[in-house]
Each structure stands twice: as C-alpha cells, then as structure tokens.
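# Structural characterization, general
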Amino acid sequence: MAESPVVQRVRDLVLPIVADLGLDLYDIEQRGGTLRVTVDTLPGSPAGIDLDQLALATRLISRELDHTDPVPGRYTLEVTSPGVERRLRTPAHFQREIGKSVAVRLSDVEAAERRVDGVLVAADDTTATIRVGGDPDAERVIELASIDRARTVFEWDAQPKPGGKKKSGKEPS
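With that settled, the discussion passes to the pattern of salt bridges. Evaluation of the coordinates by the stated rule reveals 16 salt bridges. Salt-bridge contacts for E29 lead to R89; the nearest nitrogen and oxygen are separated by 3.9 Å. Note that E29 is positioned in strand β1 (residues 23-31) and R89 in the loop between β3 (76-80) and α3 (91-96), a separation of 60 residues in sequence. For K100, the salt bridge is made with E97, and the minimal N-O distance between the two is 2.8 Å. Residues joined in a network through salt bridges with shared partners are D27, E29, R31, R36, E78, R87 and R89.

As structure tokens, then:
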C-alpha cells in the first residue's frame, strides 16, 4: 500500500531526527486528525525504548513539524513505541520480527483458515513464512497482501519466586 504524500513528507522530516537519536522509525500513520509516529530502538538492541527517549523524540519531532507544517489543517501528534505486541504492517516489520510468535488474520479466506498463529521463520518483500503448531515441518507461506491484521504475541514466561527453594521448616542438624 502506497503512502500518502503527507505521510511521505513527515517521514522525510522525521527520519533524520530519529537517526540522530540512535533510534529506528518503526511506522508513521495518519488516521483522521491523528498523526502517529512510532519509534523504537535499533533492531538487535537488548533493551526497548524508554520514556526519556520518547519524550526527547516527541519534543524534536513536534518542533520540526511546527516549523515546516507538512500536515494540512489541525492534527494531534502522537509519538509512541510499538510496545511488546507490535502491529506488523510492512515487509520491514515482518523481517524485523523473525523468530517471534505472531498472530495473523487473513482476509478473503474461509473462517477455518482465517487465523494463523505460530513463529515467524522467514519474511521477504511479498511473503511471510510461519511455523504453526510447534511442528518444525508445518510451515505456512502467506502473501503479505492477503493479511488483514498481524501482530507479534508476547509470551509470558513464569518467573521463579524470589528466595529460591521453599524451606521445609526444619533446620539442618
């Protein structure tokens, strides 16, 4: 899907700011009166983006957009992170999230085959390959154009309780 001219102008203005901050421009969306700029740490970074980085990015992006006024009319600027469960809209999003669990909803297919959940094992500019059901041989190749909605799925791991092993109540003699 092609970007609107407004989104492309905003992208051209925001990319250098985000790059100077050592961040990645994850996405830009314009819906109604809201312009959402999504930024993240660079791919492969061990930690996610923090509030101080988001606040600085917001100030710099807002100042640049106020100065150049690329969006006609009134709008609300949102600068945000993609979060732990990220929307996957572009080929770059899919390529960045290889190895992660995903949930995909397809358009124009029968209800029984509409949802695909599994691990994203490959992605290119037109397709995504998902390992379904944990079986290493059960892979499904999906055309990106046939995807209605997709996102990563954050898997909660059970954390051990603080203090280690449970005491039996008896002291060793």
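Read from one edge of the open sheet, 5 strands run β7-β6-β5-β4-β8, paired in antiparallel fashion. Two strands in the sheet have a free side with no partner beyond their single neighbour: β7 (139-143) and β8 (147-152). Each neighbouring strand pair of the sheet contributes to a mean axis angle of 40°, computed without reference to strand direction. Pairing of strand β4 (residues 101-106) with β8, which is carried by 5 bridges, proceeds in the antiparallel orientation. Within the sheet, the bridge partner assigned to A103 lies in β8 and is R151.

Another point: the pairing of strand β5 (residues 115-123). Summarising the sheet, β4 and β5 pair through 5 bridges and their orientation is antiparallel. Residue pairing across strands places V102 opposite G118, the latter belonging to β5. By the bridge criterion, 5 bridges tie β5 to strand β6 (residues 127-132) in an arrangement that is antiparallel. Of the residues in β6, the one forming a bridge with L120 is I130. The loop that links β5 with its antiparallel partner β6 comprises 3 residues.

Before going further, it helps to spend a moment on the nonpolar core. The biggest cluster of nonpolar side chains holds 19 residues, and the ones touching the most others in it are V10, V39 and I61. For this core, the leading source of residues is helix α1 (residues 5-20), giving 6 residues. Here V10 is in contact with I28, L35, L65, P70 and V71, once residues within four sequence places are set aside. By size, the runner-up hydrophobic cluster in this structure holds 14 residues, among which are I130, I142, L144 and A150.

Generally, phi is negative for residues other than glycine and the peptide bonds are trans, each holding for most cases. Of note in the backbone geometry, D69 takes a positive phi value of approximately 50° without being a glycine. Mapping D69 onto the fold places it in the loop between α2 (51-68) and β3. When its relative accessible area of 54% is taken as the criterion, D69 is described as exposed.

Calculation notes
Residues numbered from 1 in each chain as written. Predicted model: local features only at pLDDT ≥ 70, side-chain atom pairs only at ≥ 80, totals over all residues. Heavy atoms only, no water. Salt bridge = Lys/Arg side-chain N within 4 Å of Asp/Glu carboxyl O. Helix = DSSP H or I, 4+ residues; strand = E, 2+ residues; numbered from the N terminus. Pairing = 2+ DSSP bridges. Axes fitted to C-alpha atoms, helices over the stretch in contact; angles between N-to-C directions. Core = buried A, V, L, I, M, F, W, Y, C linked by side-chain atoms within 4.5 Å. Buried < 20%, exposed > 50% of the residue type's maximum accessible area, 1.4 Å probe, protein only. Contact = heavy atoms within 4.5 Å.

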